[in-house]
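# Coordinate inspection notes
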Amino acid sequence: MMHGNGGHGRVHPAASSSDFSGEMNQSVSAPSSDPSSSPLYSFHFEKPVPPPPPPPKAAQPGEYVVQVPKDKVFRVPPPENARLFEHYTRRAKRRRRCSCARVCACLLAALLTLAVLLAAAAGVAYLVLRPKRPAYAVQALAVSGLAGVGNASSTPATAAFSPGFAATVRADNPNGRIGVHYDGEKSLVSVSYDGVLLAGGAWPAFYQGPRNVTVFVAKAKGSGIRFSESVRGQMAAAERLRSVPFDVDVEVPVRLRIGRVRTWAVPARARCAVVVDRLAADGKVVSASCHVKVRFLSWRK
């Protein structure tokens, strides 16, 4: 038996805290598989509270403080970004320039190729078809409205004439595979004497097949023609000699037809020198010659 004051030992009274004894008894009497569920192992972690923002700087006299929301504040980019932007911009321009040059080169090459192909096709067509110029001949030229032009006693010097001409023309197409379409609406036939225009008319519209000969009449009419005294004297002298010369000029658009293919319109020009024995409707042609010019594939004679 130990006395309370004897020796060095001291007996401490049992803990009288009901909370602690209760916690111990609870832990002993009802052990749990999760130690953290015990009050002895309960821990509470709280997020630290951030310090309050510093108070705004007080505006000095003559200064203004402008508060901008955070989402409206933009950061100033560094100078390196400007240099990079210029570098990429120059590189993009070079690439764009190279692309344009490449496209132009491809387009030029395509055009050159197309031109070579067209030239080759034209050469083959020329060698195969052997195109020839059509031939024209004036078989007759009926003259009206010039009676008494050389008789000064019957017609005054200031008299006006209305000459008319009806030319019978023979058209010969010597090509074996090429037909000719004549566009009469845009054609022009003119008759002149010694450079003086006397009458104008049109070439009839028709189609002339390969190796075809067509005879037709082209008419021309003039009005209010006055001749000088010298020209009237020349015409009177030529009629007495039964050799009155006239120039007949023809310009007519033609389209060539090869099978079912028709070409574009090209101008055909002809100049005929016709000499008649007299200025009358029943006059006869003394001589006639025509020169034809058609610019298409270098027509052969």
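Further up the page is the structure itself.
Predicted model, so just to flag it, every value in this text is computed and none were measured.

How each quantity is defined
All chains use their own residue numbering, which begins from 1 and follows the written sequence. Residues qualify for local features only when their pLDDT is at least 70, as the model is predicted, and side-chain atom pairs are given and counted only at 80 or more; totals for whole chains, interfaces and linings, by contrast, use all residues. Think of the side-chain values as coming from all heavy atoms in the structure, minus any hydrogens and water. The rule is short: rings of Phe, Tyr and Trp, with Trp giving its six-membered ring, pair when the centres are within 6.5 Å, and they are stacked under 30 degrees, edge-to-face over 60, tilted in between. Helix and strand assignments come from DSSP, with helices taken as H or I runs of at least 4 residues and strands as E runs of at least 2, each series counted from the N terminus. Residue burial is assigned from relative accessible area. The probe radius is 1.4 Å, only protein chains are included, and a residue is buried under 20% of its type maximum, exposed over 50%, and partly exposed in between. Counting as a charge over the ring demands two things of the Lys NZ or Arg CZ atom: a distance within 6 Å of the ring centre and an angle within 35 degrees of the ring normal. Multiply 1.5 Å by the residue count of a helix minus one, and that product is the helix's expected span. As used here, the arc belongs to the directions running from the helix axis to the C-beta atoms. We call two residues contacting when some pair of their heavy atoms lies within 4.5 Å.

### Structural notes on the packing of aromatic side chains
- This model, assessed by the stated rule, comprises eight aromatic pairs.
- Ring geometry for Y182 against F206: centres 4.7 Å apart, planes inclined by 35°, an arrangement best described as tilted. Within this pair, whereas Y182 is found in strand β3 (residues 179-182), its partner F206 is found in strand β6 (residues 206-208), the two being separated by 24 residues in sequence. By the burial criterion, Y182 is buried, and F206 matches it.
- Following the ring pairs from residue to residue traces out a cluster consisting of Y136, Y182, W203, F206 and F216.
- Directly above the ring of Y207 sits R257, whose terminal nitrogen or CZ lies 5.6 Å from the centroid.

### Describing helix α3 (residues 229-240)
- Over its twelve residues, α3 runs 17 Å from end to end, which matches the ideal 16 Å to within 8%, given 1.5 Å per residue.
- Along α3, the positions that sit buried rather than exposed are V231, R232, M235, A236 and A238. Down the axis, α3 shows its buried residues gathered within 165° of arc, on one side only. Seen from the buried face of α3, the exposed residues on the opposite side, beyond 90 degrees, are E229 and R240.
- Buried-residue contacts for α3 involve β4 (188-193) and β8 (244-258).
- Downstream of α3 by a residue or two, R242 has a phi angle that is positive, lying close to 55°.

### Topic: unusual backbone geometry
- With a phi angle near 50°, R211 is a residue other than glycine that sits in the positive phi range.
- Along the chain, the position of R211 falls in the loop between β6 and β7 (212-221).
- Owing to a relative accessible area of 64%, R211 belongs among the exposed residues under this scheme.
- Notably, R242 is not glycine yet its phi reads approximately 55°, a positive angle.
- Position of R242 relative to the elements: it lies in the loop between α3 and β8.

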